[in-house]
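# Summary of the model geometry
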Protein chains: 2
Amino acid sequence: VATLRIHHPEELWTAIRTLAVRGAPAIGVAAAYGMVLAARDLPPDSQSAQLITALHAAGDYLKSSRPTAVNLEWAVNRMRQTANAHRGIGVRQLQIRLLDEAHAIHAEDVAMCLAIGRHGVSFMRPGIGVLTHCNAGALATSDHGTALAIFYEAQRRAIPFQVFADETRPLLQGARLTAWELAASGIDVTLICDSMAGLVMQQKKVGLVIVGADRIAANGDTANKIGTYSVAQLAAAHKIPFIVAAPASTFDLALATGAAIPIEERPGEEITQVPGPVPHRTAPAGIQTYNPAFDVTPAALITALVTDRGIISPVNEAGIRARITA
Amino acid sequence: VATLRIHHPEELWTAIRTLAVRGAPAIGVAAAYGMVLAARDLPPDSQSAQLITALHAAGDYLKSSRPTAVNLEWAVNRMRQTANAHRGIGVRQLQIRLLDEAHAIHAEDVAMCLAIGRHGVSFMRPGIGVLTHCNAGALATSDHGTALAIFYEAQRRAIPFQVFADETRPLLQGARLTAWELAASGIDVTLICDSMAGLVMQQKKVGLVIVGADRIAANGDTANKIGTYSVAQLAAAHKIPFIVAAPASTFDLALATGAAIPIEERPGEEITQVPGPVPHRTAPAGIQTYNPAFDVTPAALITALVTDRGIISPVNEAGIRARITA
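Please read all numbers here as calculations on a predicted model, not as lab measurements.

This part covers the sheet that holds strand S6 (residues 222–225) of chain A. Residues and elements named next belong to chain A. With mixed pairing, the four strands of this open sheet are ordered in space as S8-S5-S6-S12. The strands lining the two open edges of the sheet, one partner per strand, are strand S8 (251–252) and strand S12 (294–297). Sheet analysis places strand S5 (residues 215–217) next to S8, joined by two bridges and oriented parallel. In the sheet register, Ala217 faces S8, and the bridge partner there is Asp252.

Its rotation angle being 180°, the transformation that places chain B on chain A also includes 0.0 Å of axial translation and leaves an RMSD of 0.0 Å. Taken together, the rotation and translation describe the operation of a two-fold axis. In this assembly the copies share their binding face: 98% of the residues contributing to the interface of chain B also contribute to that of chain A.

Glancing now at the interface of chain B and chain A. Quoted interface sizes are often the accessible area lost when the parts come together. Counting residues at the interface gives 54 residues for chain B and 53 residues for chain A. Taken together, the two surfaces of chain B and chain A that pack against each other cover about 3900 Å², and 65% of this comes from carbon and sulfur. Three residues, Ser195(B), His280(B) and Tyr290(B), lead the burial of chain B against chain A; their summed loss comes to 16% of the area buried on that side. Our count for the chain B to chain A interface comes out at two salt bridges. The partner of Glu167(B) in a salt bridge is Arg169(A), with the nearest N and O atoms 2.6 Å apart. Secondary-structure elements contributing two or more residues to the side of chain B that touches chain A are helix H7 (173–184), strand S3 (189–192), helix H8 (197–202), helix H9 (228–237), helix H10 (269–272), strand S11 (288–289) and strand S12 (294–297) of chain B. Here the side of chain B that touches chain A is composed, by residue class, of 30 nonpolar, 17 polar and seven charged. Relative to S11(B), strand S3 (residues 189–192) of chain A is paired through two bridges, and the arrangement is parallel. Looking across to S11(B), one finds that Leu191(A) is bridged to Thr289(B).

Okay, the pattern of salt bridges next. Residues and elements named next belong to chain B. All chains considered together, the criterion is met by 26 salt bridges over all chains. Arg97 is the partner of Glu101 in a salt bridge, and the nearest nitrogen-oxygen pair spans 3.0 Å. One end of the pair, Glu101, and the other, Arg97, are both in helix H5 (residues 91–120), four residues apart, so they sit about a helical turn from each other. Given a relative accessible area of 11%, Glu101 falls into the buried group. The class of Arg97 is partly exposed, set by a relative accessible area of 24%.

Moving on, we come to the packing of aromatic side chains. This structure, assessed with the given rule, holds four aromatic pairs over all chains. Note on Trp13(A) and Tyr61(A): the rings are 5.8 Å apart at their centroids and 20° apart in plane angle, and the pair reads as stacked. One end of the pair, Trp13(A), is in helix H1 (residues 9–17); the other, Tyr61(A), is in helix H3 (residues 48–63), with 48 residues separating them in the sequence. Residue Tyr61(A) is classed as partly exposed on the basis of its relative accessible area, which comes to 29%. The residue whose ring lies beneath Lys205(A) is Tyr290(B), and the NZ or CZ to ring-centre distance is 4.7 Å.

For the rest of this paragraph, the subject is the side chain of Ser195(B). By the secondary structure assignment, Ser195(B) is in the loop between S3 and H8. Ser195(B) gets classed as buried once you look at its relative accessible area, which sits at 4%. Within the local environment of Ser195(B), its side chain forms a polar contact with the backbone oxygen of Arg169(A), the two atoms lying 3.5 Å apart. In this structure Ser195(B) touches Arg169(A), Asp194(A), Ile226(A), Gly227(A) and Ser230(A), once residues within four positions along its chain are discounted.

On to the packing of helix H4 (residues 70–85) of chain B against H5(B), then. Residues and elements named next belong to chain B. Two elements in contact, H4 and H5, have axes separated by 10 Å at closest approach and are oriented at 145°. Seen from above, H4 lies across H5 with right-handed handedness. Contacts between H4 and H5 involve Trp74, Arg78, Met79, Thr82 and Ala83 from the first element and Leu94, Arg97, Leu98, Glu101, Ala102, Ala104, Ile105 and Glu108 from the second.

Further remarks concern helix H6 (residues 147–156) of chain B. All names here are of chain B. With eight of ten residues buried, H6 lies mostly within the body of the structure. Ala147, Leu148, Ala149, Ile150, Phe151, Tyr152, Glu153 and Ala154 are the residues of H6 that are buried. Immediately downstream of H6, the backbone of Ala158 shows phi near 60°, a positive value.

The next subject is the pairing of strand S13 (residues 304–307) of chain A. Residue and element names in this part refer to chain A. The side-chain alternation of S13 yields two buried faces, one formed by Ala304 and Val306 and the other by Leu305 and Thr307. Here strand S7 (residues 242–245) pairs with S13 via three bridges, running parallel. Paired with Ala245 across the bridge in S13 is Val306. Alignment of S13 against strand S14 (residues 310–312), held across three bridges, turns out to be antiparallel. Considered in S14, the bridge of Thr307 is made with Gly310.

It is worth spelling out the side chain of Asp221(B) at this point. Residue and element names in this part refer to chain B. Here Asp221 lies in the loop between strand S5 (215–217) and strand S6 (222–225). Of the buried charged residues, Asp221 lacks a salt bridge, with Arg215 as the closest side chain of opposite charge at 12 Å. Polar side-chain contacts of Asp221 include one of 2.9 Å to the backbone nitrogen of Gly258. Residue contacts for Asp221: discarding those within four places in its chain leaves Arg215, Ile216, Thr257, Gly258, Ile261, Val296, Thr297, Pro298 and Ala299.

Counting residues in each nonpolar core, the largest one holds 90 residues, and the members touching the most others are Leu131(A) and Leu131(B). Those residues in contact with Leu131(A) that sit more than four places away from it in its chain are Phe164(A), Asp166(A), Ile192(A), Ala197(A), Val200(A), Met201(A), Val206(A), Leu208(A), Val209(A), Ile210(A) and Val231(A).

Bringing unusual backbone geometry into the picture now. Across the junction of Arg169(A) and Pro170(A), the peptide omega takes the value 5°, indicating a cis bond. Structurally, Pro170(A) can be placed in the loop between strand S2 (161–166) and helix H7 (173–184). The omega torsion across Ser313(A) and Pro314(A) is 0°, close enough to zero to call that bond cis. Within the element layout of this structure, Pro314(A) appears in the loop between S14 and helix H11 (317–324). The phi dihedral of Lys239(A) falls on the positive side, at around 55°, and the residue is not glycine. Residue position: Lys239(A) is located in the loop between helix H9 (228–237) and S7. The backbone of Leu172(B) sits at a positive phi, close to 60°, despite the residue not being glycine. Structurally, the position occupied by Leu172(B) is in the loop between strand S2 (161–166) and H7.

Our focus in this paragraph is the sheet that holds S13(A). Sheet architecture is open: eight strands sit in the order S14(A)-S13(A)-S7(A)-S4(A)-S1(A)-S2(A)-S3(A)-S11(B), paired in mixed fashion. Among the strands making up the open sheet, the edge pair consists of S14 of chain A together with S11 of chain B. Packed onto the sheet, H7(A) meets strand S1 (128–132), S2 and S3 of chain A and runs at close to 170° relative to S3(A).

Rules behind the numbers
Residues numbered from 1 in each chain as written. Chains lettered and ligands numbered in written order. Predicted model: local features only at pLDDT ≥ 70, side-chain atom pairs only at ≥ 80, totals over all residues. Heavy atoms only, no water. Pairing = 2+ DSSP bridges. Helix = DSSP H or I, 4+ residues; strand = E, 2+ residues; numbered from the N terminus. Least-squares fit on C-alpha atoms with pLDDT ≥ 70 in both. Contact = heavy atoms within 4.5 Å. Buried area = accessible area lost by both parts, 1.4 Å probe. Salt bridge = Lys/Arg side-chain N within 4 Å of Asp/Glu carboxyl O. Nonpolar A, V, L, I, M, F, W, Y, C, P; charged D, E, K, R; others polar. Buried < 20%, exposed > 50% of the residue type's maximum accessible area, 1.4 Å probe, protein only. Phe/Tyr/Trp six-rings, centres within 6.5 Å; stacked < 30°, edge-to-face > 60°. Lys NZ or Arg CZ within 6 Å of the ring centre and 35° of its normal. Polar contact = N/O pair within 3.5 Å; in protein donor to acceptor, adjacent residues only side chain to side chain. Axes fitted to C-alpha atoms, helices over the stretch in contact; angles between N-to-C directions. Left-handed = near helix turned anticlockwise from the far one by under 90°. Lys, Arg positive; Asp, Glu negative; His and termini not counted. Core = buried A, V, L, I, M, F, W, Y, C linked by side-chain atoms within 4.5 Å.

Okay, here's the thing in C-alpha cells:
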C-alpha cells in the first residue's frame, strides 16, 4: 500500500487520469479535497470573488480528468455550491469551510459504504456463489466499498459465501485489487478470467452478480467498467439476479437514459500490453485496437439497485426518483 | 515464426501439452506424424506385431497430452487402423505406409480448410463486422484455418469486412496469433479484450460471430476455447448469427451431447500471470483460481456449423449425421 502526497490540483488531475486514484466514490472524495487545494492556491490578498472564480476553473479542470464517473462532477459541484453559499465570510474562513465540506464528503462516503452493505446483505443467501467485476471495494471508496461492502457485511454476520472475481481486463482491477482485498480480509475468493463468467454461471457455481457503478441515469441505465454489460447479459440468460451497488451520488437524474452517458476511450496500449511496474507486451506492434473503458447496462437487465438509501427494485424512473430525490 | 524439430513421441507430447503445437486440426496432423515417429522407434528386427503394440501404446500416450480436442484421438485411431489393415506387408513397408497416411491427413487438412472457406463465405455480407474468439486460423491447422479460412476466402473474393478479435485470456491466442495472422494477411482486424464482446454487439459494430471447435457432439453441442460459450450467449441476446467452423474430424458422434466432453483444467499460473518470454505476474501470490481451458456451447445457441462437407443449419443430430457420416 502506497501513499501519494498531492499538493496541487494538477497533481490530482494526473492521479485520477492515470488511475492512481480510481473508483467512482474515491474519485469524488479526492476531487473534493482537490477543490480545497485550489482554494488554497490563491495569490496573497485575494478576495472571495477570486476564490469563487478559481474554484470554477479548478472544477472544470478536475472534471476533465475522467468523463464517465459522475461522482467527480457531483463532488466538484457540491464544493462550488458551498463556496457560493458562504462567500460572505471572507477568504480565510471560506477555505476552512471548504475543508470541512471535503471532510464531510469523506465521512459520508464511509457511512454510505456501511449503509449499502446493510441493505445489500439481504441478497446473500447462505452458501451462495457471487460473481463481481472490476473493483467496487475499499480500494475504490473511502472505506468498505459499494459492491464489496455487501460481502464485508455478510462476513460480519457469519453468512458463508464464495466470490468469483473477474480479472477485468485491460487494467486487471479484479486481479490486482478485488482478489487481493477480499483474500486479505479472509473472504473465499477465486480469480477467473473475464471469459469464464458464462461458464461459472452455466455450472451453477454462481447464483448472484454484484457490481458497482460509475453513473446511473434517471431510468436506471448504468455505466460501469467495461465488461459489466456482458456479465449482465449472461446473468439474464442464466436467470441470475444482477445487482448494482452505488451511493446516491452516483445517480445523474439529469440524464433520461444511459445513451447520454459519456464513455471514455483509453489508449490502445492498455490492450496490447499488461499493466505492471514494467509493462508487458501481449500483442504485435501496430495492431489496431478499440478500448472503451466503460459500457452501459440497460435498466431492464438490472434486478435491483442497492443504494445507501435502500433497495430500488424493480429498476425504473419512478422507483429511483422516490429514493434518490427524497 | 519458429520451427520446432521433433524426433520422438515424447517431444511431441510436450509440444502439444505446452501448446507449442495448438489448434485442434494442427494437433491431429502432428499426432499422425507422432505415430510415424513411434513406428520408427522400434528395436532392430522387430516384427509387425511389435509395431502394432508400439503404436497402441504411443497412441494412448499421445491422446493423454490434451483431453478436449477430438482431432488428436481421431488421427491416432486412423493411424492405428492403417497399421492394422496393412500388418501383412512387413515392418519396413508398414512404416512407409504410415508416413504416407500422415501425409494424406496433412493434405486433407489443407483441402478441408479451403472447403470450409468456400462454404462459409456465404455468411460474409459486404461491409459486415465479424467477431472471432481464440485462433482458428493458419496457426491452428496446416493451412488457412477453419474459422479464419472463411475470412481468407472473403478476402480472395474482394468482399469488404472488418474483424474484431477477442484477445482470449488466459493464453492470449487472439492477441498473439489471430490479430498477428490477420494483420499480416492485410485483413482489417481490431483487437479487443474479451470483456468488450458484448459492447461491440450492442453498438452494432459486429453482425456475425465465427469460431472454431475442439470437439462437436452428435447433437451439435460444441467444445471450444474458454469464453466461446459467453460469446454465444451474447450473440443470441443480440440476435447475431453464431457460426462454428470445423472439419468432419472434429465431430465425435459417439457422444450424444456435450455433457460427456472432457474439459481440461490447466494451471492457475496461466491466470495469475500473462504469458511471454518472461511470464509477468498480474495477481497477488497465493490467490485461488479456476482455469478451465474450454467450455461447451449448447447446439441451441449455434446458428450453423460450417464443415468441409457443407453447412449444417439448423444444428441438430439428424442434420449432423446426414453430413458427417455420409
